[in-house]
Amino acid sequence: MSAVNTKASSGGEEEALEMRSKTLGESSCSGEIQRGQAIFVAYLIATLELTFLFMQMGVMPYLAKSLGLDSVGFGYLQTTFGVLQLVGGPIFGRFADQFGTRAALILSCASGSAFFLLMSISTSIPLLFLSRLPAVFMHGLPGAQKLITDLTTPSQRADALGKLGLCFGIGIIIGSALGGVLSTTFGIFVPMYVGLVGNLINTMIAMIWIPLQAKPKSDHRVTEHRNLFSFREILCLMKFPGVMEIFIVKVFAELPIGLFLIMFSIISMDFFGLEAVESGYLMSYFGVLQMIVQGLVVGKLTNRCSEGTLLRLSVFVFAVVGLGMALMRTVWHYCIIAVPLVFAFSMLGTITNSILTKAVPSSNTGTMLGICASVQPLTRTVGPTIGGVLYKQFGVSSFGYLQLIVNVGLFVYLLKSKIPLGEMKSQ
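Parameters and conventions
- Residues numbered from 1 in each chain as written.
- Predicted model: local features only at pLDDT ≥ 70, side-chain atom pairs only at ≥ 80, totals over all residues.
- Heavy atoms only, no water.
- UniProt positions renumbered as here; feature names shortened; annotations may be inferred.
- Buried < 20%, exposed > 50% of the residue type's maximum accessible area, 1.4 Å probe, protein only.
- Helix = DSSP H or I, 4+ residues; strand = E, 2+ residues; numbered from the N terminus.
- Axes fitted to C-alpha atoms, helices over the stretch in contact; angles between N-to-C directions.
- Left-handed = near helix turned anticlockwise from the far one by under 90°.
- Contact = heavy atoms within 4.5 Å.
- Phe/Tyr/Trp six-rings, centres within 6.5 Å; stacked < 30°, edge-to-face > 60°.
- Core = buried A, V, L, I, M, F, W, Y, C linked by side-chain atoms within 4.5 Å.
- 1 Å grid on protein atoms, 1.4 Å probe; cavity = no way out; pocket = protein on both sides within 12 Å on 5 of 7 lines; lining within 4 Å.
- Points joined across faces, edges and corners; volume = space filled by probe spheres on them.

Going by what an unreviewed UniProt entry lists, the chain is known as Organic cation transporter-like protein 2 and is assigned to Pelecanoides urinatrix. Here the chain is described in UniProt, under the heading Function (unreviewed entry), as follows: "May act as a transporter of organic cations based on a proton efflux antiport mechanism. May play a role in the transport of chloroquine and quinidine-related compounds in kidney. Plays a role in the regulation of lipid metabolism."

So, in structure tokens, the structure goes:
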């Protein structure tokens, strides 16, 4: 009986997608073409926004130091950014649900322009902190995820969401390299000017190429009278079957490796003995791995295996990576471990996002994606304190043991739990 209900629900979403396609053109064929163009534009906007974001991340420590901000103050600056993203993620997703993906992407790109504008005139520490404020609505990646979720069927969703990781890899490689070259050659504020102009272009792309209706009008009628800032209504999504369980798995599986990555700049210097240039090469290596895994591996696996199987596989691989991290001694060990690490990280993010957007009504997928996007800002907010204590008291191996223990526990939980992964469809 449940299989029949699942099939019926999936069929309903297929019909809804056909209706969405027809809103994008005069015919079904035309609508399908424009739907593909809209998804491509979502990838483009996400790639550009991530490139500009990583570009400024490489320059920010030097800008902060030139203004007289010490390491403690820089930590506060990073925490401010993390808190604003943490709070803004669910609100941004709710905005996308109520006003449409096009409006949400325009808001994100315009906020990015304001972000880089304020950075470009940051001649004092207060102005530098003020430049973090627009980050509350800078969520290009969740915005792109929302558009893709609206314009794909449940069977296509995981593959399409997985390809966004390719955008992430391109952003890391180009952004990190471009920020260093521009700041060294032309001055520390030039990357900010490039980011400002780039986000203005992104805003125009979103205005011109993203369709006015990327989801059924009925969804807008459902949400138009709701309070945008109602965290009570946002948290109500956790009451849908399986949502809380999957979200907990997502948070705890990513937390240990998140703590390690936050401390990686210090670990690369103290433990691996790398210079700044070598750390840059290592980041580029991660970007290439991300592109390969997301572009060639994740999509094929999501088409061949069930989401429940891939969720358990990613958690199991995370546990194996934890054991490897506990035993690693050189940067070459870490380069080997990075392969399954990137696979598990990419697969877990893609699969959990896909499962969670299917578990809630289509009128709330943006809010759900916003909640998912808040996981990394949460880690960046609490991570420096927890990661610093672990590293100082127990060393690098403590991150590996923590990851091993947590993910073994999650793997056992997923094996024994009765989460209806195969039946989690939009209501």
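**Regarding helix α7 (residues 154-162)**
In an α-helix, one full turn covers 3.6 residues, which means residues spaced three or four apart are oriented alike. α7 sits mainly inside the fold: seven of its nine residues count as buried. Turning to α7, its buried residues number three or more, namely Pro154, Arg157, Ala158, Asp159, Ala160, Leu161 and Gly162.

**A closer look at the packing of α7 against helix α16 (residues 331-359)**
It is the contact of α7 with α16, at a shortest axis distance of 9 Å, that shows an interaxial angle of 145°. Note on packing geometry: the crossing formed by α7 with α16 is right-handed. For the pair formed by α7 and α16, the contact residues are Pro154, Arg157, Ala158, Leu161 and Gly162 on the first element and Thr350, Ile351, Asn353, Ser354, Thr357 and Lys358 on the second.

**Some thoughts on the packing of aromatic side chains**
Tallying each qualifying case throughout the model produces 15 aromatic pairs. Taking the centre distance of 5.4 Å and the plane angle of 55° together, the rings of phenylalanine 260 and tyrosine 334 count as tilted. Residue phenylalanine 260 is found in helix α12 (residues 243-262), and its partner tyrosine 334 is found in helix α16; the two are separated by 74 residues along the sequence. The two residues phenylalanine 260 and tyrosine 334 agree in class, both being buried. Residues phenylalanine 264 and phenylalanine 272 carry aromatic rings whose centres are separated by 6.4 Å and whose planes lie at 55° to one another, so their mutual orientation is tilted. Assigned by exposure class, phenylalanine 264 and phenylalanine 272 land together as buried. Taken together, the aromatic side chains of Phe260, Phe264, Phe271, Phe272, Tyr285, Phe286, Tyr334 and Phe399 make up a single cluster linked through ring pairs.

**Digging into the nonpolar core**
In terms of nonpolar packing, the biggest core is built from 58 residues, with Phe260, Tyr334, Met368 and Phe399 touching the most fellow members. Within the residue set of this core, elements represented by two or more residues are α12, α13 (264-270), α14 (276-304), α15 (307-327), α16, α17 (365-373), α18 (375-394) and α19 (397-416). Excluding its chain neighbours within four sequence positions, the residues that come into contact with phenylalanine 260 are Ile267, Met325, Met328, Tyr334, Val396 and Phe399. By size, the runner-up hydrophobic cluster in this structure holds 20 residues, among which are Ile45, Cys109, Leu147 and Leu164.

**A short note on empty space enclosed by the protein**
This model, assessed by the stated rule, comprises two cavities of 30 Å³ or more. For the second largest cavity, the calculated volume is near 30 Å³. Taken together, Glu49, Phe52, Leu53, Gly112, Phe116, Met138 and Asn199 make up the full set of residues lining the second largest cavity. If you list the elements that add at least two residues to the lining of the second largest cavity, you get α2 (28-66) and α4 (101-120). Broken down by element, the lining of the second largest cavity gets its largest block of residues, three residues, from α2.

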